[in-house]
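Structural overview
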Amino acid sequence: MDMYQKREMRKNKKMDEETKSLPSTSINWYPGHMAKTKREIKENINMVDIIFEVVDSRIPISSKIKDIDEILGDKPRVIIMTKSDLCDLEKTRKCAKMYEAKGYKVVLVDLVNNKGLNLIFDATRDLLSFLDEKRELKGLKKRAYRALIVGIPNVGKSTLINRLVGKKAAITGDKPGVTKKLSWIRINNELELLDTPGILWPKLDNETVAFNLACFSAIKEEILPKGKVAVYILDMLDKKYKQNLIDRYGLDDFDYDDVIPAYEKIGRKRGCLVSGGEVDYDKVSNLIIKDLKEGKLGNVTFDEV
Ligand SMILES: Nc1nc2c(ncn2[C@@H]2O[C@H](COP(=O)(O)OP(=O)(O)OP(=O)(O)O)[C@@H](O)[C@H]2O)c(=O)[nH]1
Ligand SMILES: [Mg+2]
């Protein structure tokens, strides 16, 4: 990197600080198809018995849809926290307790190692046994419970369905916006699930939430600049998981106001170089984001209560 690039990067950093105070609604992140999904959920809500609301266990608060309650009404609800293999269990459990105190049932699952799935069935039976009793009184046979699965993009809704059904019934992918339309999937005699595309809320009212979502790929990459997201990650780790920075990058000194030395160190250590041996800052940003997502920066939870 030459002097000019360094100056530009410092200038950008200054600009970033200035934009921090901008009204957050200036970020356009709400594609039209999400409004359509919400409409369709509304249309189908009377057909379902229970809601499986999926959040990412690394950001259990930021990843909860903000304006969903008006649509879901008072249907029984289970909050399913996915990717527990990658989270900081202690912090995530505190968030789970906070939700439980509000009356939600909460289940933590690790969909890579199939952990916690039975707890979803247990919670569902607990919440819905009254339906069976009601049907029995009317002389009707028990029928499969119908669950609606909702959540922001990329939290693992379709993966969860595939694990529950025991085969690939829904398309999944490591980027937001994989599922395109609502679809019913029969899990077994006991459960039917309605998979939905990920949704967000129209107004981004909190910058921290936006960065948390960007860190874990819940919003499309072009919404927040990668450099900003990577610096946010370094800052969060510096504040909450310092040892992880030392372990992975040998970085024991991070200065938010001058990120260049950190970028230089990481770039050299991890080989993010251009020909001539200069550090490639874009490559470093990409590496930091990828490392975080894949758990190479340790098990982390960014939300705290
Ligand atoms: N490590 C880990 N990865 C997971 C887990 N659950 C899902 N994933 C991964 O997360 C990514 C997103 O999964 P999807 O099931 O496509 O997410 P989705 O919520 O259906 O996403 P949209 O359809 O885009 O809204 C995939 O790469 C999954 O393999 C989990 O428990 N642990
Ligand atoms: Mg999906």
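Read on for a plain summary of the structure. (Residues numbered from 1 in each chain as written. Chains lettered and ligands numbered in written order. Predicted model: local features only at pLDDT ≥ 70, side-chain atom pairs only at ≥ 80, totals over all residues. Heavy atoms only, no water.)

With that out of the way, let us pick up the nonpolar core. Of all hydrophobic cores here, the largest spans 87 residues; its most connected members are F52, L213 and F302. With eight residues, helix α8 (residues 226-240) is the single largest residue contributor to this core. Within the second largest apolar cluster, seven residues are counted, among which are V55, I79, M81 and A96. (Core = buried A, V, L, I, M, F, W, Y, C linked by side-chain atoms within 4.5 Å. Buried < 20%, exposed > 50% of the residue type's maximum accessible area, 1.4 Å probe, protein only. Helix = DSSP H or I, 4+ residues; strand = E, 2+ residues; numbered from the N terminus.)

Our focus in this paragraph is the sheet that holds strand β4 (residues 145-151). Reading across the sheet, the six strands line up as β3-β2-β1-β4-β6-β5 and stay open at both edges, with mixed pairing between neighbours. A strand with exactly one partner marks an edge of an open sheet, and here the two such strands are β3 (105-108) and β5 (183-186). The sheet shows a mean angle of 25 degrees between the axes of neighbouring strands, direction not considered. Alignment of β5 against strand β6 (residues 191-195), held across four bridges, turns out to be antiparallel. Within the sheet, the bridge partner assigned to I185 lies in β6 and is L193. (Pairing = 2+ DSSP bridges. Axes fitted to C-alpha atoms, helices over the stretch in contact; angles between N-to-C directions.)

Around ligand 1, the surrounding shell holds 22 residues, and the nearest of these are L111, K157, T159, G177 and V178. V178 is positioned such that a nitrogen or oxygen atom in its backbone is 2.8 Å from an oxygen atom of ligand 1. In this structure, T179 approaches ligand 1 through a main-chain N or O atom, which is 2.8 Å from an oxygen atom. Split into classes, the residues belonging to the shell around ligand 1 amount to seven nonpolar, nine polar and six charged. (Near = heavy atom within 4 Å. Polar contact = N/O pair within 3.5 Å; in protein donor to acceptor, adjacent residues only side chain to side chain. Nonpolar A, V, L, I, M, F, W, Y, C, P; charged D, E, K, R; others polar.)

The next subject is the coordination of the magnesium ion (ligand 2). The magnesium ion (ligand 2) binds to the protein through S158 (OG) and T179 (OG1); the donor distances cover 2.0 to 2.2 Å. With S158 in helix α6 (residues 157-165) and T179 in the loop between α6 and β5, the pair connects residues that are 21 residues apart, well separated along the chain. Side by side, S158 and T179 carry an identical accessibility label, which is buried. (Donors = N, O, S within 2.8 Å, 3.2 Å for Na, K, Ca; no water.)

This part covers the packing of helix α5 (residues 117-137) against α6. It is the contact of α5 with α6, at a shortest axis distance of 10 Å, that shows an interaxial angle of 85 degrees. Taken as axis vectors, α5 and α6 run roughly perpendicular relative to one another. Residues L117, I120 and F121 of α5 touch α6, and the partners they reach there are L160, R163 and L164. The class makeup of the residues in the contact of α5 with α6 is five nonpolar, no polar and one charged. (Parallel < 35°, antiparallel > 145°, perpendicular 65-115°, else oblique. Contact = heavy atoms within 4.5 Å.)

Excluding glycine, residues mostly have negative phi values, and the peptide bonds linking residues are mostly trans. The backbone phi angle of K83 is positive, close to 60 degrees, even though this residue is not glycine. Within the element layout of this structure, K83 appears in the loop between β2 (77-82) and α4 (89-101). Phi at N154 takes a positive value of approximately 70 degrees, unusual for a residue other than glycine. Here N154 shows up in the loop between β4 and α6.

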